[in-house]
Amino acid sequence: MPLALLKYGFRRKYKGDKYFPEARPLRDTYDVVIIGGGGHGLACAYYLASDWGIADVAVLEKGWLASGNTARNTAIIRANYLTPAGVLFYEESMRLWRSLAGELGINLMYSERGHLTLAHSDAALRTSRWRAEVNKHLGIDSELVGRDEIAKLCPEINLSEEVRYPVLGALYHPPGAIARHDAVAWGYARGAMHSGIEIHQQTEVTGIKSHVGGSIELETNRGSITAGTVVQAVAGMSSEVARMAGFKLPIRSIPLQACVSEPLKPFLDPIVVSGSLHIYVSQSARGELVMGGATDPYPLYSTRSTLDFSERLMANMLELFPFLENAKVLRQWAGIADMTPDFSPVMGMTPVSKYYIDAGWGTWGFKATPVCGRCMAELAATGKVPDLIRSFELERFGRMEQVGERGAAAVGH
Amino acid sequence: MKIIDCPLNGPRNAQEFVCGGEVRQEPSQDAAIDKWADFVFLENNLQGVVHEWWCHVATSYWFIVTRNTATEEIIATRRPDEFFAGLKQTDGTGSE
Ligand SMILES: Cc1cc2nc3c(=O)[nH]c(=O)nc-3n(C[C@H](O)[C@H](O)[C@H](O)COP(=O)(O)OP(=O)(O)OC[C@H]3O[C@@H](n4cnc5c(N)ncnc54)[C@H](O)[C@@H]3O)c2cc1C
């Protein structure tokens, strides 16, 4: 440790730089209240202040800052979706990601390492080609590659044909990235707090009443709060909180599990996904393999881990990377994913006036944190739905319309 | 929740079953489109005790599971006729 640094440690008077400003007491009215202090809620708060100069805002979080899916996800960021609405939306998010660390003043460890979605069947190849064409048409760097190319991009993958699902090709997305998820939440939280926005942890919304032509009253475990406008961003708890507000959502809450291995020598550059094998994996800067798959087989509001999950995951991992047979799993966990029938989110207006929804992020919402926060802030500030999120409104289901992303999001997150 | 007691096959590993979603009333054929949209897409997604259709895949047998989605506890498994006969005696919504 450099001596200059050590010196500060021994100085009585040096207080250091507190990362977050001191918390302020909870008031009983705010212009805007955001329910849910995950990445999405915090990003919305940040952009309300930075884009719209609105700082009379409180973020209410029932647990600790970003202790929900923001802290549990496997941090994959990409834009190679299937529908034009999806591709344009996620591409805008990637544009914001690239300058975010500088803007928030925190190292997000944003690392573009390429994203390979392996195809093991003709059907999967067809979907890959479809995605590549939609992507290219909209200016996204994305292409279908063959086995030779895969061997060059990721020599560690087992390309043998003597396995249950031989690799036939892959969708390759060079800008695919991972980032440090906690830092994203902390950066947005600090930025918002420095503009005067309040973040209240251990504050749970327990009831919601809307008054005709005016404000919305929120019951919390710390008393009631009146809000001019409310943004709901509670991921797995979306249906329960919407029920308090008086409407239903097209969402099932289903656990999504993930795990990491012990740290290994760096060997895996790209993020590798396989729909047929129900796995995805990337290697973190610490050397841990970050691994996951599809959601659990049934709805549940519990974040328990199961042996079923790790057993199946590892059987398939070993098909792609047989040399990992002695690697150990270090940690396993789960988050409650808010799954929609079309694998696209629900953002925008609700049946309750001035009560806006940001939900249905299922297994794919981390990458959307910047763009979603920004669009929800615009909606809360202006009352008008930004064009970028219009296709994702709750009303679409009433018209029997869907934004079908199953082919691009079922396992790949 | 590792074992599900199937009314037809007895106790079987949970991996042999699929969840078919919550039990609810289908709208009439001529109901308005919003009623149908609600039936097709919207979910109660309750945290607590729910009644759901489950299927034992190997035998294609559908039955009703009552379980707690907060604790992952299975409270009852019933044949559909048994379940719906029970409903007629209560308020008809399946809530307990
Ligand atoms: C294992 C796993 C892997 C994933 N991998 C990826 C990935 O690779 N890439 C990707 O893009 N996405 C991924 N996701 C999805 C992503 O994590 C989420 O979509 C995203 O983090 C949602 O952010 P959020 O802020 O909306 O939710 P959260 O971070 O869950 O925040 C919601 C907050 O609301 C709070 N809350 C709930 N109810 C109340 C209440 N009544 N009152 C007050 N507060 C309340 C909760 O405590 C929580 O902190 C993954 C998810 C999981 C679980």
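The shown structure was predicted, so the numbers you read here are calculated from the model rather than taken from an experiment.

Engineer: What is the right way to look at the overall build of chain B in this model?
Structural biologist: Check the secondary structure of chain B and you find two helices and six strands. Listed N to C, the secondary structure of chain B is β-β-β-α-β-β-β-α in terms of helices and strands. Based on the C-alpha atoms only, the size of chain B along its principal axes is roughly 40 × 30 × 25 Å. The buried share of chain B, reckoned over its 96 residues, is 35%. Summarising the internal contacts of chain B: among those between residues at least 6 apart in sequence, 40% fall at separations of at least 24. For chain B, the accessible surface area stands at approximately 5500 Å², while carbon and sulfur atoms represent 53% of it. When the 8 positive and 15 negative side-chain charges of chain B are each reduced to one mean point, those points stand 4 Å apart.

Engineer: How should unusual backbone geometry be read in this particular structure?
Structural biologist: Among all residues except glycine, the phi angle is most often negative; among peptide bonds, the trans geometry is most common. Its identity is not glycine, yet Lys354 of chain A carries a phi of approximately 60°, on the positive side. When you line up the elements, Lys354 of chain A lands in the loop between strand E18 (346–348) and strand E19 (355–359). Residue classification places Lys354 of chain A among the partly exposed residues on the basis of a relative accessible area of 41%. The residue Ser60 of chain B is not glycine, and still its phi comes out positive at about 50°. You can see Ser60 of chain B is positioned in the loop between strand E4 (49–56) and strand E5 (61–68).

Engineer: Would you explain the sheet that holds strand E14 (residues 271–274) of chain A in this entry?
Structural biologist: Where strands meet in a sheet, backbone hydrogen bonds hold them as pairs that are either parallel or antiparallel. Residue and element names in this part refer to chain A. Ordered by their spatial adjacency, eight strands build an open sheet running E6-E7-E5-E14-E15-E16-E13-E17, and the pairing between neighbours is mixed. Bordering the open sheet on either side are strand E6 (143–145) and strand E17 (329–339), each of which pairs with just one other strand. Within the sheet, the average angular offset between the axes of one strand and its neighbour, ignoring direction, is 20°. Of the strand pairs in this sheet, E6 and strand E7 (residues 169–173) are connected by three bridges, and their pairing is antiparallel. Within E7, the position partnered with Val145 by the bridge is Ala170.

Engineer: Could you clarify how one ought to interpret the layout of surface pockets in this entry?
Structural biologist: A water-sized probe rolled over the atoms picks out the places where empty space is left. Residues and elements named next belong to chain A. In this structure, the second largest pocket spans a volume of roughly 860 Å³. Forming the walls of the second largest pocket are 39 residues, and the residues nearest its centre are Met339, Phe343, Arg406, Ala410 and Val411. Looking at the lining of the second largest pocket, the element that brings in the most residues is helix H5 (residues 122–137), giving five residues. Its residues assigned to classes, the lining of the second largest pocket comprises 22 nonpolar, twelve polar and five charged.

Engineer: Explain the interface of chain B and chain A to me, please; I cannot follow it from the model alone.
Structural biologist: Interfaces are often described in size by the accessible area the parts lose on coming together. On the side of chain A, 25 residues touch chain B, which itself brings 25 residues to the contact. Summing the contributions of chain B and of chain A, the shared interface buries around 2200 Å²; its carbon and sulfur component is 52%. Summed over the three residues of chain B that lose the most area to chain A, namely Phe41, Glu43 and Asn45 of chain B, the buried surface amounts to 30% of that side. Remark: the boundary between chain B and chain A carries three salt bridges. One salt bridge connects Lys248 of chain A with Asp38 of chain B, and the closest N-O pair in it is separated by 3.3 Å. Counting every contact that joins chain B to chain A gives 16 residue pairs in polar contact (both at pLDDT 80 or more). Put simply, the parts of the chain that give the side of chain B that touches chain A at least two residues each are strand E3 (17–22), helix H1 (33–41), E4 and E5 of chain B. When residues in the side of chain B that touches chain A are grouped by element, the largest group, six residues, is from H1 of chain B. In terms of residue class, the side of chain B that touches chain A is made up of eleven nonpolar, eight polar and six charged.

Engineer: Where do I start with the site of the ligand in this structure?
Structural biologist: All names here are of chain A. In the vicinity of the ligand there are 37 residues, among which Glu61, Asn69, Thr70, Thr74 and Lys367 approach most closely. Between the ligand and the protein, one listed contact pairs an oxygen atom with a backbone N or O atom of Trp364 at 3.0 Å. In the complex, the protein chains occlude 97% of the 1000 Å² of accessible area that the ligand would expose alone. Breaking the shell around the ligand down by element, the ones donating at least two residues are helix H2 (39–52), helix H3 (69–72) and strand E13 (252–261). The element that contributes the greatest number of residues to the shell around the ligand is H3, accounting for three residues. In this structure, the shell around the ligand is formed jointly by two domains, domain 1 (25–73 + 181–251 + 342–409) and domain 2 (113–175 + 252–339), each of which donates at least three residues.

Engineer: How should the sheet that holds strand E8 (residues 177–178) of chain A be read in this particular structure?
Structural biologist: Residue and element names in this part refer to chain A. Strand order in the open sheet formed by three strands is E3-E8-E4, with antiparallel pairing between adjacent strands. Two strands close off the open sheet at either side, each with one partner strand: strand E3 (76–77) and strand E4 (111–112). Bridge count between E4 and E8: two bridges; the pairing is antiparallel. Bridged to Glu112 within E8 is Ala177.

Engineer: Even after reading the chapter, I still don't get the pairing of strand E2 (residues 10–13) of chain B, so can you show me in this structure?
Structural biologist: On any regular strand, side chains alternate: one points to one face of the sheet, the next to the other face. All names here are of chain B. Relative to E2, strand E1 (residues 3–6) runs antiparallel, the two sharing four bridges. Looking at the pairing, Cys6 lines up with Gly10 of E2. Where E1 hands over to E2, the hairpin turn is made up of three residues, counted between the paired strands.

What counts, and at which threshold
Residues numbered from 1 in each chain as written. Chains lettered and ligands numbered in written order. Predicted model: local features only at pLDDT ≥ 70, side-chain atom pairs only at ≥ 80, totals over all residues. Heavy atoms only, no water. Helix = DSSP H or I, 4+ residues; strand = E, 2+ residues; numbered from the N terminus. Buried < 20%, exposed > 50% of the residue type's maximum accessible area, 1.4 Å probe, protein only. Contact = heavy atoms within 4.5 Å. Areas by Shrake-Rupley, 256 points an atom, 1.4 Å probe, with all protein chains shown as cover. Lys, Arg positive; Asp, Glu negative; His and termini not counted. Charge placed at Lys NZ, Arg CZ, Asp CG, Glu CD. Pairing = 2+ DSSP bridges. Axes fitted to C-alpha atoms, helices over the stretch in contact; angles between N-to-C directions. 1 Å grid on protein atoms, 1.4 Å probe; cavity = no way out; pocket = protein on both sides within 12 Å on 5 of 7 lines; lining within 4 Å. Points joined across faces, edges and corners; volume = space filled by probe spheres on them. Nonpolar A, V, L, I, M, F, W, Y, C, P; charged D, E, K, R; others polar. Buried area = accessible area lost by both parts, 1.4 Å probe. Salt bridge = Lys/Arg side-chain N within 4 Å of Asp/Glu carboxyl O. Polar contact = N/O pair within 3.5 Å; in protein donor to acceptor, adjacent residues only side chain to side chain. Near = heavy atom within 4 Å. Domains from an automatic or database assignment.

Function cannot be read off these values alone, since they describe shape.
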